Amino acid sequence: MSRIIIFTGKGGVGKTSTAAAHAVKAAKEGVKTLIVSTDMAHNLSDIFMKELGKEPKEVEENLWALEVDPNYEMELYYGSISEAFKKMITFQNSEDVESFDDIVVFPGMEELFSLLKIKKLYDEGIYELIIVDCAPTGETLSLLKLPEILSWYMEKLFPIGKVCMKVLRPISKTVFKLELPSSAALNDIEKLYVKLGELQELLKNREVCSLRLVTVPEKMIVDETKRNYMYLNLYNFNVDALYINRLLPDEIDNDFFDKWKDIQKKYVEILQDTFSNMPIYKIKWYPTDVNGTEGLSRIAEDALRDEKIFKVLKISDSEVFTKTGTSYKLDIKLPFVEKQEVDLSEGENELIIKIGNFKRNIPMPDVLRKYSVSKAKLDAGILSVYFENKERDLNE
Ligand SMILES: Nc1ncnc2c1ncn2[C@@H]1O[C@H](COP(=O)(O)OP(=O)(O)O)[C@@H](O)[C@H]1O
Ligand SMILES: [Mg+2]
């Protein structure tokens, strides 16, 4: 079984360098490794100083690299879907149709196809280790919650199933002013839907996949790292390590840097306190850029010596259901969030948690079908939601 490690963090913090340093180290140790970039602003080719393409290319012994082209992936496997979606939307004028061509079907679609490519590569089983260099945080988050958003979207959009669709298609044009997808598109949609479910399972499989946060000791970035960690927990991903990059070396003896060193020290301490439940790796600030296998090996030798670094470094569930007497409790780890930011509501057999622009629909297990939320509390970074049996209350 191969292993997937996803590196994420704000733009410029050193995600690509850190991810690539891991890849170089693994390859040197004889592990068949693939490094994949899903960032639209690819820079793996710069860092390895080799031209890369849409399919993996060998850059060193045991090391392959790939810069995913989501449009190519989409055309290749799901071409009819985008046609179908385009037809489903009625346009006021032809200009809109043209501009629509530039946008890929729905927001985040590109990242989604990058992830599907990773799943495909994983399934092929060629590589022992797959290292993913992600797009900057904001987009990474949409990438991570995407499978859920899309499944939700598909369920709402195509609840009636294929047979009904066939019957509906002739009338829908006039009645709904909307053209339903052709059967080729429906087949593709179905295929995509199944794949999405599998992708979600893979990304949340704590034995295979983990996420690692890259940060630097600066206020804004530390704040964003904490926020990112909270959201990753909300979506139940396993974050198993933190990397603090660009640390000024102690050896620097220069007044100008003293103040900077103090500031860095303060944020390193904050990070150590807040991420005390996982390994933290520190990477120093090098006097020059860290390109090429030589520079990357230096990072690996200085900072990534841990023998277990490619293993899953921590497994803890961020969602736990427990039964207490006649009621049930769901604990969700939500560190660094304020009570007033959390908006909780109940959908049909699902619990909906909204924080800022992010919404998570948590499906409820069947046993809770007759239950509803009785209370919720947020304490020490854990949101506890209690469920009581509705019918029972009525009978009493
Ligand atoms: N510890 C470091 N010391 C010196 N330069 C670094 C270090 N980490 C990253 N860099 C340089 O900073 C730039 C941005 O790093 P990169 O890994 O591309 O960040 P990201 O992928 O997060 O945008 C690159 O030019 C890289 O060589
Ligand atoms: Mg990068």
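About the cut-offs
Residues numbered from 1 in each chain as written. Chains lettered and ligands numbered in written order. Predicted model: local features only at pLDDT ≥ 70, side-chain atom pairs only at ≥ 80, totals over all residues. UniProt positions renumbered as here; feature names shortened; annotations may be inferred. Helix = DSSP H or I, 4+ residues; strand = E, 2+ residues; numbered from the N terminus. Contact = placed C-beta atoms within 7 Å. Pairing = 2+ DSSP bridges. Near = placed C-beta within 6 Å. Core = buried A, V, L, I, M, F, W, Y, C linked by C-beta atoms within 7 Å. Buried ≥ 20, exposed ≤ 12 C-beta atoms within 10 Å, placed from the backbone. Domains from an automatic or database assignment. Axes fitted to C-alpha atoms, helices over the stretch in contact; angles between N-to-C directions. Parallel < 35°, antiparallel > 145°, perpendicular 65-115°, else oblique. Nonpolar A, V, L, I, M, F, W, Y, C, P; charged D, E, K, R; others polar. Expected span 1.5 Å × (residues − 1).

- An unreviewed UniProt entry lists the protein chain under the name ArsA family ATPase, with Clostridium neuense given as the organism.
- Under the Sequence similarities (unreviewed entry) heading, UniProt states for the protein chain: "Belongs to the arsA ATPase family."

## Here we look at the overall build of the protein chain
- Check the secondary structure of the protein chain and you find 12 helices and 15 strands.
- For the protein chain, long-range pairs separated by at least 24 residues make up 71% of all intrachain contacts whose partners lie at least 6 apart in sequence.

## Remarks on the pairing of strand E3 (residues 57–60)
- Bridging between E3 and strand E4 (residues 63–67) involves three bridges; their strand directions are antiparallel. Looking across to E4, one finds that Lys57 is bridged to Ala65.
- The loop that links E3 with its antiparallel partner E4 comprises two residues; one of these, Asn62, has a positive phi angle of about 70°.

## Considering the site of ligand 1
- Around ligand 1 lies a shell of 17 residues, among which Gly14, Lys15, Thr16, Ser17 and Asp289 are the nearest.
- Every element with two or more residues in the shell around ligand 1 is listed here: helix H1 (15–28) and strand E7 (239–247).

## Looking at the nonpolar core
- Ala20, Ala23, Ile35, Ile130 and Val132 are the most contacted members of the largest nonpolar core, which totals 80 residues.
- Residue contributions to this core reach at least three from each of two domains, namely domain 1 (3–71 + 107–155 + 199–303) and domain 2 (319–395).

## Here's the deal with the sheet that holds strand E13 (residues 358–363)
- Across the sheet, which stays open at both edges, the three strands sit in the order E11-E12-E13 with antiparallel pairing between neighbours. One side of each edge strand has no neighbouring strand; the edge strands of this open sheet are strand E11 (342–347) and E13. Across this sheet, the average inter-strand angle for adjacent strands is 20°, counted without regard to direction.
- Of the pairings in the sheet, the one linking E11 to strand E12 (residues 350–355) comprises six bridges and is antiparallel in character. By the bridge assignment for E12, Val342 is matched with Ile355.

## Remarks on the packing of helix H9 (residues 219–234) against helix H10 (residues 255–274)
- At a minimum axis separation of 10 Å, H9 and H10 run at an interaxial angle of 10°. Relative to H10, the element H9 is oriented roughly parallel. Mapping the contact onto sequence places Lys219, Val222 and Lys226 in H9 and Tyr267, Ile270, Leu271 and Thr274 in H10.
- Looking at the contact of H9 with H10 residue by residue, the class counts come to four nonpolar, one polar and two charged.

## Considerations on unusual backbone geometry
- Of note, Asn236 is a non-glycine position whose phi angle comes to about 65°, a positive value.
- Mapped onto the fold, Asn236 is located in the loop between H9 and E7.
- Despite not being glycine, Arg246 shows a phi value in the positive range, around 65°.

## What to know about the environment of Leu129
- As for its placement among the helices and strands, Leu129 is situated in strand E5 (residues 129–133).
- On the neighbour-count criterion, Leu129 (21 C-beta atoms within 10 Å) is buried.
- Distance from Leu129 to Val31, taken between C-alpha atoms, is 7.1 Å for residues 98 residues apart in sequence.
- Leave out the neighbours within four places in its chain, and Leu129 touches Ser2, Arg3, Ala26, Val31, Thr33 and Phe310.

## What to know about the sheet that holds E4
- The strand order E3-E4-E2-E5-E1-E6-E7-E8 describes an open sheet built from eight strands, whose pairing is mixed. The sheet is open, and its two edges are formed by E3 and strand E8 (280–284), each paired on a single side. Along the sheet, successive strands turn relative to each other by an average axial angle of 25°, direction set aside.
- Sheet strands touched by H1: strand E1 (3–8), strand E2 (33–37), E3, E4, E5, strand E6 (209–215), E7 and E8. Its angle to E5, the strand with the most contacts, is close to 165°.

## Here we look at H9
- In this model, H9 (16 residues) spans 23 Å end to end at C-alpha, consistent with the 22 Å of a helix rising 1.5 Å per residue.
- Those residues of H9 that sit buried are Ile221, Thr225, Asn228, Tyr229, Tyr231, Leu232, Asn233 and Leu234.

## Let's talk about the pairing of E13
- Across six bridges, the pairing between E12 and E13 is antiparallel. Residue pairing in the sheet places Ile355 in a bridge with Phe358 of E13.
- Once E12 ends, the chain turns through two residues before running back antiparallel as E13, passing Gly356 with a positive phi of about 55°.

## Points about the environment of Val214
- You can see Val214 is positioned in strand E6.
- Note: C-alpha distance between Val214 and Ala19 (195 residues apart in sequence) is 9.4 Å.
- In contact with Val214, not counting residues within four places along its chain, are Phe7, Gly9, Val13, Gly14, Lys15, Thr18, Tyr243 and Asn245.

## Concerning the packing of H1 against helix H11 (residues 292–303)
- Packing of H1 against H11 leaves a shortest axis separation of 8 Å and a crossing angle of 90°. Regarding the angle of H1 to H11, the classification is roughly perpendicular. Seen from H1, the contacting residues are Ser17, Ala20, Ala21, Val24 and Lys25; seen from H11, they are Thr293, Leu296, Ser297, Ile299 and Ala300.
- Split by residue class, the contact of H1 with H11 holds six nonpolar, three polar and one charged.

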